[in-house]
Amino acid sequence: MTRNRQRRLMNKEPIQEIDLISELPDPIIQHIMSSLPYKDAARMSILSKRFASAWISSPTIIFDETLNMGSCLELTGKQRLNSFLSYVGEFLSRRRRLDVSLEKFSFCFRLNNSSDQQSNGGIENAISYAIENNVKELELDVVGKRSKLMAHYSLPMKVLSAHSIIVLSLKGFMLEPPQNLALDFPSIKELRLEKCKGMQELSVSSQSLKIVVLEFCQGLEKVEIDAPNLESFSFGGGANSSCSVDVTACMSLEYLSLKNAEITDEWIKHEIPKFIRLEVFKVGRCRLLKNFHVSNANLKTLEISDCSNLQKIEIYSRSLYTFVYGGQLMPSRVFIYSPSFHAKVSLSVDDPLPYDWFSSLRDFLSCFDHCKELEIACSIEMALIFPIDSRDSLLPPLYDLKYLKVVGKFPTKSEDLVDLVDGLLWFSHCLTVLSFVSGNKEKSLKFEYDIAVAIDEDLQCCYSMPIKCWRHSLKKVTVENFDDRENTILQRFFSQKAIRLEAISREDNGSADALAEEGVSQDYGSVITGNIEDLGDAIMANFLDEELNP
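Attention in this report is confined to the structure presented alongside it.

Conventions used here
- Residues numbered from 1 in each chain as written.
- Predicted model: local features only at pLDDT ≥ 70, side-chain atom pairs only at ≥ 80, totals over all residues.
- Heavy atoms only, no water.
- Axes fitted to C-alpha atoms, helices over the stretch in contact; angles between N-to-C directions.
- Helix = DSSP H or I, 4+ residues; strand = E, 2+ residues; numbered from the N terminus.
- Parallel < 35°, antiparallel > 145°, perpendicular 65-115°, else oblique.
- Left-handed = near helix turned anticlockwise from the far one by under 90°.
- Contact = heavy atoms within 4.5 Å.
- Salt bridge = Lys/Arg side-chain N within 4 Å of Asp/Glu carboxyl O.
- Buried < 20%, exposed > 50% of the residue type's maximum accessible area, 1.4 Å probe, protein only.
- Pairing = 2+ DSSP bridges.
- Right-handed = clockwise from strand over helix to strand, strands pointing away.
- Phe/Tyr/Trp six-rings, centres within 6.5 Å; stacked < 30°, edge-to-face > 60°.
- Core = buried A, V, L, I, M, F, W, Y, C linked by side-chain atoms within 4.5 Å.
- Expected span 1.5 Å × (residues − 1).
- Polar contact = N/O pair within 3.5 Å; in protein donor to acceptor, adjacent residues only side chain to side chain.

### With respect to the packing of helix H10 (residues 414-427) against helix H11 (residues 484-497)
Running from N to C, H10 and H11 point in directions that differ by 50°, and their axes come no closer than 10 Å. In terms of orientation, H10 and H11 fall into the oblique class. The handedness of the crossing between H10 and H11 is right-handed. Between H10 and H11, the residues in contact are Ser-414, Leu-417, Val-418, Val-421, Asp-422 and Leu-425 and Arg-485, Glu-486, Ile-489, Leu-490, Phe-493 and Phe-494, respectively.

Here it is as structure tokens:
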């Protein structure tokens, strides 16, 4: 407390309240208001004339009907749109009296039918205001948060010819009549078109363009991009799309995503190696792909999903870090030539399982034996449990794998949990970490082995197999984030099956009452030592230790 404040308190002098926020420069106040949700910023604007002025003169304008701007909360249909546009018109009318710059203009509204745009010039006036004031970032959205687009809005062509725009995002607009569109942007850096229609062929040329996103543009048949400095290109067609894509002139690409695009095996084989800066390549639902062959030394992430006719995958990339595959189980023709990568596999599973499911799964998974970490997502956990009678005639598919993660619904029954763990350990006899992810929770088992032990007189479970199973050499198990019931089940399972098990430890803070009944003390990180063949001896030893060392 300062001396002056102490003196005023002693003399009972009134303390003058100071509004420090109002003393801030306009750009700082505008930045604060732009960081707030619309309703909070609107409330702030009515607290003082200074705030109201900062609100009106802000270089960023955001109009969003879905936020109930313009007192349209209780209204629906055409009345709601008119109320919203009336609010927009009044706001822009007050702003026109000011000589202020416009950096960003975001305009989101919903049309219930095509007649809405014909009876109201408010939409056109708002867009014209942005263009006339040399807006740099323009976002026009007729889609909003709805999954279904009710009606398109006819796009004013002056939007596409505005030289001031650096970032352009259009959602739900159309060209009338449908036409081939050739765009030459002198200064634009980012172009996003989503759920637009009326473009049959789209040609874009720009020296400044960095990012292009085209999503669900109805009727689009051909895309050609000539942008030597383009770094990111994403195309997503509809389910029945037959659009061809040509980005061969974009030699600076670092990110390329193609979904429902008409691309061929030959295009990927011959064109992808030319993108020497490409780091991320994603393909999805591309029906023409059969023999996927890609070679790119700089590629770090490759994703392939739902390419229904795919028969072979061949990847050459010394920099590959992540490989993602999603879709049907395919033949064992996946060849990945990379020294160290993480694989994520999401399998589509039919119920009941096909008769040859497990043999096909074994062959498919064997393609990932040399990866650093494997993640398997499967909606039916039982699809990962190889029948015991089949294991004797098959070699484990993941002999060298150390880290395995399974994503899906976690088993609730005790026998299913044991079967799943046992089946996954058959995948790889020397796993270091086995994790289970369900929702936002992850549970894991960590293993230590003594590979050098003699096995001549061990169990006969894999006597005739060249690779011995985990039961012979498992020495220690660490259990993380399993609940008490699951811990009890797992502890009993490993103590019965692993003939050289020395210790089981638990590294979470949950209650260990259930484990105590099986011979584990309730101390955090407690272990069972010895051969765990006689749990009674372990309990007695623990009891005597407490009695002798109180």
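Still to come is the rest of the account.
### Some details on the pattern of salt bridges
In total, this model carries 19 salt bridges according to the counting rule given. Residues Glu-279 and Lys-300 are paired through a salt bridge, measuring 3.9 Å at the closest nitrogen-oxygen approach. One end of the pair, Glu-279, is in the loop between helix H7 (265-271) and strand E14 (280-284); the other, Lys-300, is in the loop between strand E15 (291-295) and strand E16 (301-305), and 21 residues separate them in sequence. With a shortest N-O distance of 2.9 Å, Glu-486 and Lys-443 are connected by a salt bridge. Residue Glu-486 is found in helix H11, and its partner Lys-443 is found in strand E24 (residues 441-449); the two are separated by 43 residues along the sequence.

### Focus: the side chain of Asp-416
Following the sequence through the fold, Asp-416 ends up in helix H10. Assessed through its relative accessible area of 18%, Asp-416 is described here as buried. Dropping the residues within four chain positions of it, Asp-416 is found in contact with Met-382, Ile-385 and Pro-411.

### Here we look at the sheet that holds strand E17 (residues 312-316)
Hydrogen bonds between backbone atoms are what pair the strands of a sheet, whose relative direction is either parallel or antiparallel. Taken in spatial order, the three strands line up as E15-E17-E19 in an open sheet, and their pairing is parallel. Among the strands making up the open sheet, the edge pair consists of E15 and strand E19 (334-337). Between one strand axis and the next, the sheet turns by 5° as a mean value, whatever way the strands run. Sheet topology places E17 next to E19; four bridges connect them, and they run parallel. Looking across to E19, one finds that Ile-315 is bridged to Ile-336.

### A closer look at the side chain of Thr-301
Following the sequence through the fold, Thr-301 ends up in strand E16. The residues touching Thr-301, leaving out its near neighbours within four places in the chain, are Glu-279, Val-280, Phe-281, Leu-320 and Thr-322.

### Quick word on the environment of Ser-83
Mapped onto the elements of the fold, Ser-83 is located in helix H5 (residues 77-95). Separated by 18 residues in the primary sequence, Ser-83 and Glu-65 have C-alpha atoms spaced 9.5 Å apart.

### Concerning the pairing of strand E13 (residues 255-259)
Here strand E11 (residues 232-236) runs beside E13; their pairing, made up of five bridges, is parallel. Paired with Ser-234 across the two strands is Ser-257, which belongs to E13. Pairing of E13 with E14 involves five bridges; the strand directions are parallel. What sits directly across from Leu-256, in E14, is Phe-281. Once you follow E13 into H7 and on to E14, the crossover reads as right-handed.

### With respect to the packing of aromatic side chains
In the structure shown here, the tally under the stated rule is 25 aromatic pairs. Their ring planes at 90° and their centres at 6.3 Å tell us that Phe-63 and Tyr-87 sit as a pair that is edge-to-face. Of the two residues, Phe-63 is situated in strand E1 (residues 60-64) and Tyr-87 in helix H5; the sequence distance between them amounts to 24 residues. The exposure class assigned to Phe-63 is buried, which follows from its relative accessible area of 1%. A centroid spacing of 6.0 Å and a plane angle of 25° characterise the contact between Phe-84 and Phe-107, whose relative ring orientation is stacked.

### As for unusual backbone geometry
Keep in mind that most residues, glycine aside, have a negative phi and that most peptide bonds are trans. Residue Pro-177 is reached from Glu-176 by a cis peptide bond, and omega for that bond is -10°. Tracing the backbone shows Pro-177 in strand E6 (residues 173-184). The omega torsion of the bond from Asp-351 to Pro-352 falls at 10°, within 30 degrees of zero and hence cis. Its location among the elements puts Pro-352 in the loop between strand E20 (342-347) and helix H8 (357-365). For Asn-260, which is not glycine, the phi dihedral falls at a positive 55°. Tracing the backbone through its elements, the reader meets Asn-260 in the loop between E13 and H7.

### Focus: the pairing of E24
With six bridges connecting them, strand E23 (residues 433-438) and E24 associate as antiparallel partners. Looking at E24, one finds that Val-437 is bridged to Glu-442. Count of turn residues in the E23/E24 antiparallel hairpin: two residues, of which Gly-439 carries a positive phi of about 70°.

### As for the nonpolar core
With 144 residues, the main nonpolar core has Phe-105, Phe-107, Phe-233, Phe-368 and Phe-494 as its most contacted residues. Per-element accounting of this core gives the leading share, eight residues, to H10. Leaving out residues up to four positions away in the same chain, Phe-105 has contacts with Ile-61, Phe-63, Leu-92, Ala-126, Tyr-129, Ala-130, Val-135, Glu-137, Leu-138 and Glu-139.

### A short note on the sheet that holds strand E10 (residues 222-226)
Strand order in the open sheet formed by five strands is E4-E6-E8-E10-E12, with parallel pairing between adjacent strands. With one partner strand each, in any of the chains shown, strand E4 (153-154) and strand E12 (244-246) form the two edges of the open sheet. Two strands pair when backbone bridges link them, and E10 and E12 are joined in this way by three bridges, in the parallel orientation. Across the sheet, Val-223 pairs through a bridge with Val-245, a residue of E12.

### Some details on H11
Along its 14 residues, H11 runs 20 Å from first to last C-alpha, staying within 8% of the 20 Å computed at 1.5 Å per residue. Along H11, the residues that are buried comprise Glu-486, Asn-487, Thr-488, Ile-489, Leu-490, Gln-491, Phe-493, Phe-494 and Ser-495. Looking at where H11 begins, the residue whose side-chain oxygen comes 3.2 Å from the main-chain nitrogen of Arg-485 is Asp-483.

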